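# Notes for the structure review
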Amino acid sequence: MIALCPSRILTPSGFETERCLLIEDGLIVDVVPLEKFPSPEFLQGDLVPGFIDLQVNGGGGVLFNDQPTVEGIETIGAAHRRFGTTGFLPTLISDDLDVIDRGMRAVEAAIEEGVPGVLGIHIEGPFINIEKRGIHDAGKIRRIDEAAIDLLGSLKSGVTLVTLAPELDPPGMIEVLTERGVIIAAGHTAATYEDTRDSLHSGVTGFTHLFNAMTQLDARAPGAVGAALESDQAWCGIIADGFHVHPASLRVALRAKGPEKLVLVTDAMPTVGSEERTFMLGGRLIHVENGRVAAEDGTLAGSNLNMAAAVANAVQMLEVDLAAAVRMASLNPSRALGLEGVTGEIRPGLRADLALLNSEGRVVRTWIAGAE
């Protein structure tokens with residue numbers, strides 16, 4: 001039995017003081033009064049659920065597309081773990097099916113070998129709209145077919161999240177994928193409001209980086225953004241780095257969706273957790289300048305954001321308290337993946353995935369399944 005006694009613990013009831021967290025066999029046993037421990041080990045700071053990042057293209061100098069291996073996943077996970085990320089989806093940007101296959105097999109192997117924090121895979125493209133490709137390689141974008149459907153449904157361990165443009169998919173395809181356990185998010189899409197509404201009825205459950213690379217909200221054409229904001233059920237990923245979305249737009253999304261349906265993501269690139277400031281993506285030179293990650297023509301190319309910074313930015317930009325921001329980085333993504341019974345909160349029976357924040361909001365310690 002392990003007892004952690006921090007300054008505050010974030011439970012489903014909010015931040016609590018004079019409490020200790022009990023952990024056994026990697027699981028949370030209980031949160032009990034401090035007085036039950038005559039000589040506890042005090043932790044200075046806030047103990048919160050570990051962060052879950054649904055969109056991690058790279059980290060530690062590794063781009064998952066270039067290194068779709070167990071070693072690549074391990075390096076990426078280690079780079080993000082220092083920033084409180086205890087669960088993540090290695091993310092593939094639009095690429096050939098053989099790269100997707102290698103990535104999926106690597107994720108299976110990583111989970112089997114116990115690489116810390118791996119929850120599954122996010123396949124962002126290539127089944128997207130070329131008009132909304134952003135930094136994605138136009139030469140990799142393709143239509144979905146039976147072979148691709150079979151591949152997307154083939155993961156044996158972990159969760160598969162697929163970002164696609166629903167307006168381009170054959171009738172019934174979304175239903176087929178969801179029946180095979182695939183989670184579908186709309187993104188990089190030129191879908192109309194009507195197209196997007198139809199896709200939500202067909203099985204789309206979320207939106208990848210809301211506002212970016214999708215049809216916008218207009219007076220007579222609400223677009224994908226309008227459908228996303230209107231939906232009571234769909235979750236929306238947001239990149240709170242100060243470059244992808246204006247803070248006022250983030251606050252509008254918060255008012256429309258409520259704090260329970262916004263999911264903080266990083267869209268992180270290899271520069272996170274690395275001294276490198278440049279890398280190659282699809283034959284294009286990408287560089288980080290003043291925190292902004294972009295190609296030489298100015299096109300945004302993911303971010304240099306980590307989850308601890310995303311939480312801090314959410315407090316400032318969305319004007320929410322720390323508890324709400326942490327839930328956007330932990331409970332909400334766990335719900336998006338259907339893992340709320342496994343991780344994402346500090347409550348009995350869940351896995352002890354935790355982060356300790358100091359008074360400045362910096363992550364000083366992390367635990368995955370109770371192991372620091």
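You'll find the structure just up there.
Notes on the structure in this doc start here. Bear in mind the structure is a predicted one, so any value in this text is a computation, not a measurement.

### Quick look at helix H7 (residues 247-257)
Residues of H7 that are buried include every one of Leu250, Ala253, Leu254 and Lys257, and no others. Taken end-on, H7 shows its buried residues confined to a sector of 100°, consistent with a single buried face. Residues of H7 that are buried make contact with helix H6 (223-230), strand E14 (235-238), strand E15 (262-264), helix H8 (307-317) and helix H9 (322-328).

### As for the state of the cysteines
Per the stated rule, a full pass over the model turns up one disulfide. The disulfide partner of Cys5 is Cys20, and the gap between their sulfur atoms is 2.0 Å. Here Cys5 and Cys20 share a disulfide; its torsion about the S-S bond, 110°, makes the bridge right-handed. One end of the pair, Cys5, is in strand E1 (residues 2-11); the other, Cys20, is in strand E3 (residues 19-24), with 15 residues separating them in the sequence. One exposure class covers both Cys5 and Cys20, and it is buried.

### Observations concerning the pattern of salt bridges
Enumeration over the complete set of coordinates arrives at 15 salt bridges. The partner of Asp95 in a salt bridge is Lys140, and the shortest N-O contact between them spans 4.0 Å. With Asp95 in the loop between strand E9 (85-93) and helix H2 (97-113) and Lys140 in the loop between strand E10 (120-124) and helix H3 (146-152), this pair connects stretches of sequence that are 45 residues apart. A salt bridge links Arg142 to Asp145; the nearest nitrogen and oxygen atoms lie 2.6 Å apart. Each of the salt bridges in this network shares a partner with another, and the network as a whole consists of Asp95, Asp96 and Lys140.

Cut-offs applied
- Residues numbered from 1 in each chain as written.
- Predicted model: local features only at pLDDT ≥ 70, side-chain atom pairs only at ≥ 80, totals over all residues.
- Heavy atoms only, no water.
- Buried < 20%, exposed > 50% of the residue type's maximum accessible area, 1.4 Å probe, protein only.
- Helix = DSSP H or I, 4+ residues; strand = E, 2+ residues; numbered from the N terminus.
- Arc of directions from axis to C-beta.
- Contact = heavy atoms within 4.5 Å.
- Disulfide = S-S within 2.5 Å.
- Salt bridge = Lys/Arg side-chain N within 4 Å of Asp/Glu carboxyl O.

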